[in-house]
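Coordinate analysis (summary)
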There are 2 protein chains.
Amino acid sequence: MSISSRFSVGVHILSLLEIYKNETKSSEFIAGSVNTNPAVIRKIMGMLKNAGLVNVRPGVAGAELAKNLDEITLLDVYKAVNVVQENELFSVHDHPNPECMVGRNIQETITPILSIAQSALEKALGSVTISDVVKDIEEKEKINSK
Amino acid sequence: MSISSRFSVGVHILSLLEIYKNETKSSEFIAGSVNTNPAVIRKIMGMLKNAGLVNVRPGVAGAELAKNLDEITLLDVYKAVNVVQENELFSVHDHPNPECMVGRNIQETITPILSIAQSALEKALGSVTISDVVKDIEEKEKINSK
DNA sequence: TTACATGTAATCATTGTAATTACATGTAAC
DNA sequence: GTTACATGTAATTACAATGATTACATGTAA
């Protein structure tokens, strides 16, 4: 199992909107960079739009960030593209046997523990912004072009 | 997407081995508590055995914990049942366009960030032991039986 | 009205999960 | 050694999510 690449694609898109901010960025252009189908990009862009992270208009080529770079965290993207539901990163077996001491208590015991672990993950994502990502891309670009 | 319930089932099994330590615990008995098929239990038990967490013998009903309760963390179980591969909780789109500045740097930029997030999750799991889980089950049992 | 963009639904191949069945193998008691 | 019963494990199935693709309705500006 693995968290959908919609998330990493979402981060890619937002970074690209910033780095190519002076150019027209159609879904086809973005798809070329991500290396996927334009319809996939449009679907993800729709999610980012619903979350208030980007501005796109039907019929008009081009998209822009709807917020400042440093006001968008990876957690915002993660939530926007809907890769993991609230408190459902871990699936717990349902209908354990209520006639067994373990069966009738395991869910109630384990759920808060898993929830804490999921929060730790999300907190880590919340501490990184698209601004950080863009800066890192620019640094790597410098280093690699030498 | 969701992390396989093999993990929560694994925790269930280990807790059950402790709580019913004085009784014979066949895969069928355990399956009755978890509410699944005995073959599923045997498969997961095999993984727990490979990880050195339980002792089981072919042909002999019954299984036991192979370590002390407080020496088994949920992270051990999580790794044992193989629900998430090393550094692969997040999937990253592959083959982004190397002719694009974002495309040629995004993977190298994003991978360590995702790795840190995954580590935060795993660290949280590493701080809880089966002993903690068993104690919590016993407490909940007391409260609910009043 | 034309050219071209986004929005979105439907389809498809692929993959992972969990349940189930079946059977080979192992063990202990008799 | 044979019987009874357990674990080990492979094969099959139904189901759900992903990502790619196609198709087309809708929106916009020249």
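Provided above is the structure to which this section pertains.
Residues numbered from 1 in each chain as written. Chains lettered and ligands numbered in written order. Predicted model: local features only at pLDDT ≥ 70, side-chain atom pairs only at ≥ 80, totals over all residues. Heavy atoms only, no water.

Now for the protein's contact with DNA strand C. As a matter of local geometry, DNA strand C sits amid 23 residues, with S27(A), S4(B), S5(B), T36(B) and P58(B) nearest to it. Looking at DNA strand C alone, sugar and phosphate atoms form 68% of those within 4 Å of the protein. One of the side-chain N or O atoms of S4(B) is found 2.4 Å from a phosphate oxygen in DNA strand C. Side-chain polar atom of S5(B) to a phosphate oxygen of DNA strand C: 2.6 Å apart, as the coordinates give it. Broken down by secondary-structure element, the contributors of at least two residues to the surface near DNA strand C are helix 3 (38–50) and strand 2 (60–65) of chain A together with helix 3 (38–50) of chain B. (Near = heavy atom within 4 Å. Polar contact = N/O pair within 3.5 Å; in protein donor to acceptor, adjacent residues only side chain to side chain. Helix = DSSP H or I, 4+ residues; strand = E, 2+ residues; numbered from the N terminus.)

Residue and element names in this part refer to chain A. Phi is positive for N35, which is not a glycine, with a value near 75°. Mapped onto the elements of the fold, N35 is located in the loop between helix 2 (27–34) and helix 3. Since its relative accessible area comes to 46%, N35 is described here as partly exposed. Despite not being glycine, H95 has its phi angle at roughly 60°, a positive value. Along the chain, H95 falls in the loop between helix 4 (74–80) and helix 5 (106–126). H95 gets classed as exposed once you look at its relative accessible area, which sits at 59%. (Buried < 20%, exposed > 50% of the residue type's maximum accessible area, 1.4 Å probe, protein only.)

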